[in-house]
Amino acid sequence: MSSNLSRRSLLKGSGLAVAASVAGTPAAAWAAIPDPDQQHPIRNIEKIRAFYAEYPKRIAAVRKAISRPLTQSEKILYAHLFDMAAVHDFKRGGEYATFRPDHLIMQDLLAQSAMQQFLVADFPSVTLPTSIHCDHLTLADKGAKHDLAISNETNKVVYKFLRDVSDKLGIDFWEPGAGIIHQETLENYAYPGCLIVGCDSHTPNGSGLAGMAIGIGGADAVDCMSGMPWELPVPKVIGVKLEGELKGWTTPKDIILKVLGMLTVKGGTNAVIEYFGPGVDTLSATGKATIANMGAELGATSSVFPYDSHIVDYLRKTGRAEIVEMANKVAGDLRADQAVYDNPEKYYDKVITIDLAKLEPQVSGPFTPDAAMDLSSMKKNVVERDLSDPVEAVLIGSCTNSSYEDITRSADLAKQALEAGIDLKCPVYLSPGSNLVKATMDRDGLTAIFEKLGVTVLANACGACVGMWKRPNNPDRKNTIVAAFNRNFRKRNDLNPKTESFLVSPDMAVAYALSGRLSFNPLTDPVVTKDGKSVMLRTAKGIELPEQGYARAETGCHIATFKTKEIKVDPTYERLQLLDPFPAWDGKDLTGLPLLMKVKGKCTTDHITPSGKWINFVGNIRRISDNTLSVAQNAFVPGELDHVWNQNTKAYDKVSSVAKSYKAQNRFSIVVGDENYGEGSSREQAAMQPRYLNVQVILVKSFARIHESNLKKQGILALTFANPADYDRIQEKDTLSVIGMKDFAPGKPLTVVIRHENGTEERIEARHSYNENQIPWFRYGSALNMLREERKAKA
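Starting afresh in each chain, residues are numbered from 1 along the sequence in its written order. For this predicted model, a pLDDT threshold of at least 70 governs which residues receive local features, and a threshold of 80 or more governs which side-chain atom pairs are given and counted, while totals over whole chains, interfaces and linings are taken from all residues. With hydrogens and water set aside, each side-chain value is computed from the structure's full complement of heavy atoms.

**Describing the overall build of the protein chain**
Rule in force here: Under the DSSP-based scheme used, a helix requires at least four consecutive residues in state H or I and a strand at least two consecutive residues in state E, with every element numbered from the N terminus. For this measure, only C-alpha atoms enter the radius of gyration; the expected value for a globule follows 2.2 Å times N^0.38, where N is the number of residues. Type-normalised accessible area, obtained with a 1.4 Å probe on protein chains alone, sets the label of each residue: buried when under 20%, exposed when over 50%, and partly exposed for intermediate values. Pairs of residues are marked as contacts when any of their non-hydrogen atoms sit within 4.5 Å. His residues and chain termini do not enter the charge count, which takes Lys and Arg as positive and Asp and Glu as negative. To locate a charge, the coordinates of NZ of Lys, CZ of Arg, CG of Asp or CD of Glu are taken.
When you go through the protein chain residue by residue, the secondary structure sums to 25 helices and 30 strands. The C-alpha radius of gyration computed for the protein chain amounts to 25 Å, which stays within 12% of the reference 28 Å derived for 795 residues, consistent with globular compactness. Along the three orthogonal principal directions, the C-alpha set of the protein chain runs to about 75 × 65 × 55 Å. Across the 795 residues that make up the protein chain, the buried fraction comes to 64%. Taking contacts inside the protein chain between residues at least 6 apart in sequence as the whole, the part at least 24 apart equals 76%. Looking at the protein chain, you have 94 positive and 93 negative side-chain charges, and the mean spots of the two groups are 1 Å apart.

**Looking at the side chain of Glu500**
Stated formally: By salt bridge we mean one thing: a side-chain nitrogen of Lys or Arg within 4 Å of a carboxyl oxygen of Asp or Glu.
On the secondary structure map, Glu500 appears in strand β18 (residues 499-503). No salt bridge is formed by the buried Glu500; its nearest oppositely charged neighbour, Lys478, is found at 4.0 Å. Residues contacting Glu500, with those up to four places away along its chain left out, are Pro366, Phe367, Leu387, Ser388, Lys478, Asn479, Thr480 and Ile481.

**Digging into the packing of aromatic side chains**
Heads up, the condition is: Whether two aromatic rings pair depends on their centres lying within 6.5 Å, for rings of Phe, Tyr and Trp, where Trp uses its six-membered ring; planes under 30 degrees apart make the pair stacked, over 60 edge-to-face, and the rest tilted.
What the rule picks out here adds up to 20 aromatic pairs. Seen from their ring centres, Phe51 and Tyr191 are 5.5 Å apart, and the 65° between their planes marks the pair as edge-to-face. You can see Phe51 sitting in helix α1 (residues 45-65) and its partner Tyr191 sitting in the loop between α6 (181-188) and β5 (195-199), a full 140 residues away along the chain. Owing to a relative accessible area of 10%, Phe51 belongs among the buried residues under this scheme. Here Trp174 and Tyr189 contribute two aromatic rings whose centre-to-centre distance is 6.2 Å and whose plane-to-plane angle is 80°, an arrangement assigned as edge-to-face. Within this pair, whereas Trp174 is found in strand β4 (residues 172-174), its partner Tyr189 is found in the loop between α6 and β5, the two being separated by 15 residues in sequence. This pair shows no difference in class: Trp174 is buried, exactly as Tyr189 is.

**Some remarks on the sheet that holds β5**
So the rule is basically this: For two strands to count as paired, DSSP must find a minimum of two bridges between them. An axis is simply a line fitted to the C-alpha atoms; with a helix, the fit covers only the stretch in contact. Between two such axes, the angle follows the N-to-C directions and lies from 0 to 180 degrees.
Spatial strand order, β6-β5-β2-β3-β4-β21: six strands in an open sheet with mixed pairing. Single-partner strands in this sheet number two, and they are β6 (212-215) and β21 (557-558). Bridge count between β4 and β21: two bridges; the pairing is antiparallel. From the neighbouring strand, Phe173 faces β21, where its bridge partner is His558. On the sheet, helix α3 (residues 108-121) packs against β2 (103-107), β3 (130-133) and β5 and is oriented at approximately 115° with respect to β2.

**Here we look at the environment of Leu711**
In this fold, Leu711 is placed in helix α23 (residues 705-713). Accessibility expressed as a relative area gives 0% for Leu711, which makes it buried. Separated by 27 residues in the primary sequence, Leu711 and Glu684 have C-alpha atoms spaced 8.4 Å apart. Once residues within four sequence positions are removed from consideration, Leu711 is found in contact with Ala687, Ile698, Phe703, Ile716 and Ala718.

**With respect to the sheet that holds strand β29 (residues 750-755)**
With respect to topology, seven strands assemble into a closed barrel ordered β22-β25-β26-β27-β30-β29-β28, the strand pairing being mixed. In this sheet, adjacent strand axes meet at a mean angle of 40° when their direction is disregarded. Here strand β28 (residues 735-739) runs beside β29; their pairing, made up of five bridges, is antiparallel. If you follow Ile739 over to β29, its bridge partner there is Thr751.

**Topic: helix α17 (residues 446-453)**
Residues lying three or four places apart along an α-helix face the same way, a consequence of the helix completing one turn every 3.6 residues. Quick reminder of the rule: Here, the arc refers to the directions that run from the helix axis to the C-beta atoms.
Among all positions of α17, only Leu446, Thr447, Ile449, Phe450 and Leu453 are buried. For α17, the angular spread of the buried residues around the axis is 160°, confining them to a single face. Where α17 is buried, its residues meet α15 (404-420), β15 (428-431), α16 (435-443), β16 (456-457) and α18 (506-515). Phi turns positive, to about 105°, at Gly454, one or two residues after α17.

**Examining the packing of α1 against helix α11 (residues 321-329)**
We count it as follows: Here the word oblique covers every angle except those under 35 degrees (roughly parallel), over 145 (roughly antiparallel) and from 65 to 115 (roughly perpendicular). Throughout this entry, Asp, Glu, Lys and Arg are counted as charged residues, while Ala, Val, Leu, Ile, Met, Phe, Trp, Tyr, Cys and Pro are counted as nonpolar. The remaining residues, Gly among them, count as polar.
Viewed as axis vectors pointing N to C, α1 and α11 meet at an angle of 10°, and their least axial separation amounts to 10 Å. Judged on the interaxial angle alone, α11 and α1 are roughly parallel. Contacts between α1 and α11 pair Ile45, Ile48, Arg49 and Tyr52 from the former with Glu322, Ile323, Met326 and Ala327 from the latter. Residue composition of the contact of α1 with α11, by class: six nonpolar, no polar and two charged.

**What about the nonpolar core?**
Using the following cut-off: Residues belong to a common nonpolar core when they are buried Ala, Val, Leu, Ile, Met, Phe, Trp, Tyr or Cys residues joined through side-chain atoms within 4.5 Å.
Ranked by internal contacts, the top residues of the largest apolar core, which has 148 residues, are Met115 and Tyr512. For Tyr512, the residues in contact, after removing those within four places along its chain, are Val363, Leu375, Met378, Val391, Val482, Val504, Arg517, Leu518 and Phe520.

**Examining helix α22 (residues 685-692)**
Within α22, seven of the eight residues are buried, which leaves the element mostly enclosed by the surrounding structure. Within the sequence span of α22, burial applies to Gln685, Ala686, Ala687, Met688, Gln689, Pro690 and Arg691. Buried-residue contacts for α22 involve α3, α19 (605-608), α20 (621-624), β26 (695-700) and α23. Asn694, located one to two residues past α22, shows a positive phi value of around 75°.

**Some details on the environment of Glu243**
Among the structural elements, Glu243 can be located in strand β8 (residues 236-243). Glu243 sits in the partly exposed class, given a relative accessible area of 30%. When the C-alpha positions of Glu243 and Leu356 are compared, they lie 5.9 Å apart, and in sequence the two are 113 residues distant. Non-local contacts of Glu243, meaning those with residues more than four positions away in its chain, are made with Pro278, Gly279, Thr353, Ile354, Asp355, Leu356 and Ala357.

**Digging into the confidence of the model for the protein chain**
Do not read the predicted coordinates in detail wherever pLDDT is low. Applied cut-off: Every residue gets a pLDDT, meaning the predictor's confidence in that residue, from 0 to 100.
The predicted model of the protein chain has a mean per-residue pLDDT of 92, with 95% of residues at 70 or higher. Taken together, the stretch residues 1-38 has pLDDT below 50 and engages in 99 contacts with residues farther than four places along the chain or on a different chain.

**Digging into the side chain of Asp141**
Its location among the elements puts Asp141 in the loop between β3 and α4 (144-154). Look at Asp141 and you get buried, because its relative accessible area is 11%. Setting aside residues up to four positions removed in sequence, Asp141 forms contacts with His146, Asp147, Tyr429, Thr456, Leu458 and Lys470.

**A look at the pairing of β26**
The test is simple: For a crossover, the right-handed case is the one in which the path from the first strand over the helix to the second runs clockwise, viewed with the strands pointing away from the viewer.
Of all six residues that make up β26, six are buried, and the element is covered over most of its length. Sheet topology note: the strand β25 (residues 669-673)/β26 ladder contains five bridges and is parallel. Considered in β26, the bridge of Ser669 is made with Val695. In the classification by handedness, the crossover that spans β25, the intervening α22 and the parallel β26 is right-handed. Pairing of β26 with strand β27 (residues 717-721), which is carried by four bridges, proceeds in the parallel orientation. When the bridges of β27 are listed, Val700 appears paired with Thr720. After leaving β26, the chain enters α23 and then returns to the sheet as β27, a path that is right-handed.

**What to know about the pattern of salt bridges**
Summed over all chains, the structure comprises 43 salt bridges. The partner of Arg49 in a salt bridge is Glu322, and the shortest N-O contact between them spans 2.6 Å. With Arg49 in helix α1 and Glu322 in helix α11, the pair connects residues that are 273 residues apart, well separated along the chain. Classification of Arg49 by relative accessible area gives partly exposed; the value is 32%. On the accessibility criterion, Glu322 (26% relative accessible area) is partly exposed.

Here you go:
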């Protein structure tokens, strides 16, 4: 919720003319307001100037080809078509198109494999502005200074590899501790109308500034860096109309948790969520980014918000007044057409409405981010659902909620606690978002407030959100933690499968830490002071943007010098090894594939490739493949993990061990899965590891978008059951064959022959979503193989 409510957006209601005023200041006059906060030159400013110069021409071409009102997401996407001559009224949700993004971001975890692949492709430099951000490998333990020292030493070879490859290829390199990738993107690279792609599922955080940011896999990143067309299914558009205004304890985080409860984790698959309505105009830019960040949990391609005064204010405060001047000139096309807002049901594929004034704070969990519950129901839920009431740890910050607004609201509650004599009832850890936010926290006395209360202030990094939390006395029992994060999958934070994590706003997270109970409701329940008094917490007051501007801070960004000429990796180093290409398809039907595993229920990329200790081996495909599907549920052995039948030895063993035994015989295998297979993080290892282990086919009821794309890029045949009930036909000791491969073509189903242990056979139909451009990826063995061979042919 914005704390600067006297200022309204330029758009009263759901979409009036751009010339509307903001608190009496005409839109055209914004550019004349002095900007005291310029800290460093705007990155890639010449390309941004070129973008805004071309944007009106591109929108005009789109309008000429599509004779109907346009949604905001259509304007942004179609203005970034790789070939503007190809523009037409695409079939949303059923047609592919190719695009040319403005910027690529990568974090240190997934950048390892992406850059290894790019080196194999042998390009001299990147052709797209690119940045690498070291945020995922940083320890979360005793505090920033201690944790960074250990992390820099532990990861020095990986960091050197990423810094060297950045310098060689022309990539911005953000050093460890500088900040979290998505906060840095919002502060430095995102701008209205832009199209950003990133090797992280929460890349859509960058959509908070009226642009569009989309998560992709590492092979997609190689296409983008090499200047090749980047392919995407043209998404459907879901309209979310926000009415009213947030009040009391509700924040933007509660909006996205509510949407998750309404649509579920697969409700946004292959769709963009487009927010509109008068309620949008009350949200800060960073609040919009929080909502967009967690759109990833819906499976959404991205989220978008119309350009408004809050975005203008944020751009100015982060030193980008020139971008405001340029964006103002095209502001009418940094939002949907008025006709769309007037008749949303006609132009959106689906519309939902939320009255912010009636919205309650949400509590979501455990184990899935769409298990949203109203705060007022928690007393009953704790009892009826047998939830563990004591809150044993609280985590705040992260890429989702580490803005200045989030920090000031949290600090206000911390200050209340100090003044009233209220102790923390459990450990609390805070992960600031960036050097810029942390320096401003220090200057404004916020860090001191947290530390006086006993909060551990961690490095500006992902930390506990990605499993880098070294949790003291990690209990081997059911226990409750509360986080202002975006994911709460089993074992996500502390590797303990018995830990139940609940997602809330940062305000509620601090309140839970002061009460110590999951059943606590700050609207109705008091907290107890050290001397036994009962005190009601006052609604937190936040500040949307720092009144003095952001503090001066070192960016931590190293600009490429191109002095590095050769990339070397010690062949004995266990954490990082350069890649060998995967083998090409032999042109025959895929016959006699032993069933490696039939996965039952939720199978996220965290289930396919768990993080925790394994995060250290992301750069070594041979080593990290040992964790493949190790925490996914085998349909035939309920309650026991990493335990599958080996058709060679006639005994149970680890998934990776069984796969290796088949690979040793030059046999490929198959994995069968349930609904929304591969939801969650975009981590490409979840596709590369099965590929390395000779998994040739993955057959499921349905896929999450990014994971399906990753599988295709790595040369795995990604299939879905034509009849989902056929999932039940698969038995533990089956072998499966996919026939008709010589006629593999877009839209043409394939036949799967199931051979049971008793010798009987069944035939079922399997579907796929491959198009003409993607089928060669399978034939070549991977998209990277095809790219390399095409490059050789042109040499």
